[in-house]
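Here's the letter readout for the chains.
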Amino acid sequence: MNRLRAAAARGLRRSSGRAVPPAGQGRKGASPRGGAPAPAPPPAQHLFSDPAEIEALRGSLLAWYGKCKRDLPWRTLAATEPDADRRAYAVWVSEIMLQQTQVATVIDYYNRWMQKWPTLQALAQASLEVSVAGAGSSPCSPGSSSNTRLCLLEQEVNELWAGLGYYSRGKRLQEAARKVVSELAGQMPRTAEDLQKLLPGVGRYTAGAIASISYGQATGVVDGNVIRVLCRLRCIGADSSSPAVIDRLWDMANALVDRSHPGDFNQALMELGATVCVPKAPLCGECPVKQHCQARRRKLFGKPTPVPDVEDCDVGGCPLCPPATEPWDSSLGVTNFPRKAAKKQPRAVRTATCVLERRGCHGALEYLIVQRPSSGLLAGLWEFPSLPLAEGLQEEKQKEALADHLQAWTGWPVAAKGLQFIGEVIHIFSHIHQTYVVYSLPLDGDVTLDPALSPSRWVTEEEFHASAVSTAMKKVL
């Protein structure tokens, strides 16, 4: 799903975010790439070319959605909010949160976010409050408890986002809100094209979702759920993450979208993929558009001899058919589709992490946390002091490397023998198999850190869990 949504977002043709005709049916006289002949359109089996079928599919899908859609807070706001900018903001926040994250996880985060920042203006002001509070500095004086208003204000957006993962999403949402307020007079762009062009972090899918749901623009959307539904409806067996296939799916989505109810139609198509046309064990009997599904027809009737096969379509070099090396597997049925390239295995990374602890002025244990760089993995989040380890490093060498890192960073002597091994914590990111080798180091008295180095602060356990720390780091304490 993650790769599919990312591939769909990359599928935008540079010219605009408008609906575009299928390849080979562009403007009269136009030819792509300096006069090269346009590729032949795929056979009809892979397309929706019958207007009557398109109308029937729209009607069936919208009727089903009206009866069976899930009650979700962003849908309620989109349906009831009269102000166009607030409506678009509510949809926008949900779409950003839902990237790479399941609906069940998002609901609570979404409700808390909208309660804290119900408008673009409120979110933009939150950004300013973080700046005033001294983000990127050490807000608590040495030896004092960090339980101050200053510390609570710092990194408030990251703190609310903590646990959702892919933390740059929250940062880009914040940046875009400030841009809307400062450069666009507080008004959201009104078309999918302008949303994508003007707002950082808004790709083709997100722009289409906001424009269709909030403004009623008749533009399609393509995410992982839509890719799965369309590939099954039309037996598209080529790599569904390839740019060529993604382009075809966008053409198809723009052709299918209901002109009178584009937002509901797009949500219905995504809802179908999320609840019925699921990756494994799809509920084909409950599908409202099963009569239009070529993959289901193939499963039920096999490959009839007199008629061109709906999967192979008997056209040599068809760009949407599966490769000859991956024929139809009758045991898989409709789950033969979609097909995508084999997923890369996450690379293994080992990191030494040190839990530095002391007794605070009130006797409670406090832990030192430092802030990660403003870009890259887990950008801007807080963590225990950590050091990436070279491959194959033995335990004693790990401790020595970590001790040297801490000494260079703090400016006071750290002996490797003083580091106590606690254990290993494993966390799987989408592309990284991360192992944290955890050590502890109790400290006596106060430690003054160089303010020119990474921002740092001492926190109690309660404050640690309330801070903008990753799920991986919460496993350490």
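Taking an unreviewed UniProt entry as the reference, the protein chain is identified by name as Adenine DNA glycosylase belonging to Corythaixoides concolor. In the Sequence similarities (unreviewed entry) part of its UniProt record, the protein chain is described as follows: "Belongs to the Nth/MutY family." Its UniProt record gives the protein chain a comment under Subcellular location (unreviewed entry), which states: "Nucleus".

Student: Where do I start with helix α12 (residues 204-215) in this structure?
Tutor: In an α-helix, one full turn covers 3.6 residues, which means residues spaced three or four apart are oriented alike. With twelve residues, α12 should cover 16 Å at 1.5 Å per step; its first-to-last C-alpha distance of 16 Å lies within 8% of that length. Taking burial as the measure, the twelve residues of α12 include eleven buried ones, the bulk of the element. Just beyond α12, the residue with positive phi is Gly 216, at close to 75°.

Student: Please clarify how empty space enclosed by the protein should be interpreted in this entry.
Tutor: The method is simple in principle: a probe with the dimensions of a water molecule rolls over the atoms, and the space it marks as empty is what remains. A complete count under the given rule lists two cavities of 30 Å³ or more for this structure. Reported here for the largest cavity is a volume of approximately 120 Å³. Taken together, 15 residues make up the lining of the largest cavity; nearest its centre are Arg 232, Cys 277, Cys 284, Cys 287 and Cys 293. In terms of residue count, helix α13 (residues 224-233) provides more of the lining of the largest cavity than any other element does, three residues in total.

Student: Help me out: how do you make sense of the confidence of the model for the protein chain in this one?
Tutor: Per-chain confidence: the protein chain averages 81 in pLDDT, with 79% of residues scoring 70 or above. Residue range residues 1-34 is modelled with pLDDT below 50. Its contacts to residues more than four positions away, or to other chains, number 62 contacts.

Student: How do you make sense of the pairing of strand β5 (residues 420-428) when you look at a structure like this?
Tutor: As a general feature of sheets, a regular strand has side chains that alternate between the two faces. In terms of strand pairing, β5 meets strand β6 (residues 432-442) through eight bridges, oriented antiparallel. When the sheet's bridge partners are listed, Gly 423 is paired in β6 with Val 438. Hairpin connection of β5 to β6: three residues between the antiparallel strands.

Student: Explain the pairing of strand β1 (residues 347-359) here, please?
Tutor: Two elements, β1 and β6, share eleven bridges in a ladder whose sense is parallel. Looking at β6, one finds that Val 355 is bridged to Ser 440. Relative to strand β4 (residues 386-388), β1 runs antiparallel, the two sharing three bridges. Within β4, the residue paired with Thr 351 across the bridge is Pro 388.

Student: Would you mind going over the nonpolar core with me for this structure?
Tutor: Soluble globular proteins tend to bury their nonpolar side chains together. Core analysis: the largest hydrophobic core is formed by 105 residues, its most contacted members being Tyr 89, Trp 92, Met 97, Trp 113, Leu 249 and Leu 272. A per-element tally of this core places helix α5 (residues 84-98) first, with nine residues. Taken domain by domain, the makeup of this core includes at least three residues from each of domain 1 (46-127 + 153-302 + 318-336) and domain 2 (347-475). Judged by nonpolar contacts, the second largest core, of 19 residues, contains Val 370, Leu 387, Leu 443 and Trp 458.

Definitions and limits used
Residues numbered from 1 in each chain as written. Predicted model: local features only at pLDDT ≥ 70, side-chain atom pairs only at ≥ 80, totals over all residues. Heavy atoms only, no water. UniProt positions renumbered as here; feature names shortened; annotations may be inferred. Helix = DSSP H or I, 4+ residues; strand = E, 2+ residues; numbered from the N terminus. Expected span 1.5 Å × (residues − 1). Buried < 20%, exposed > 50% of the residue type's maximum accessible area, 1.4 Å probe, protein only. 1 Å grid on protein atoms, 1.4 Å probe; cavity = no way out; pocket = protein on both sides within 12 Å on 5 of 7 lines; lining within 4 Å. Points joined across faces, edges and corners; volume = space filled by probe spheres on them. pLDDT = per-residue confidence, 0-100. Contact = heavy atoms within 4.5 Å. Pairing = 2+ DSSP bridges. Core = buried A, V, L, I, M, F, W, Y, C linked by side-chain atoms within 4.5 Å. Domains from an automatic or database assignment.

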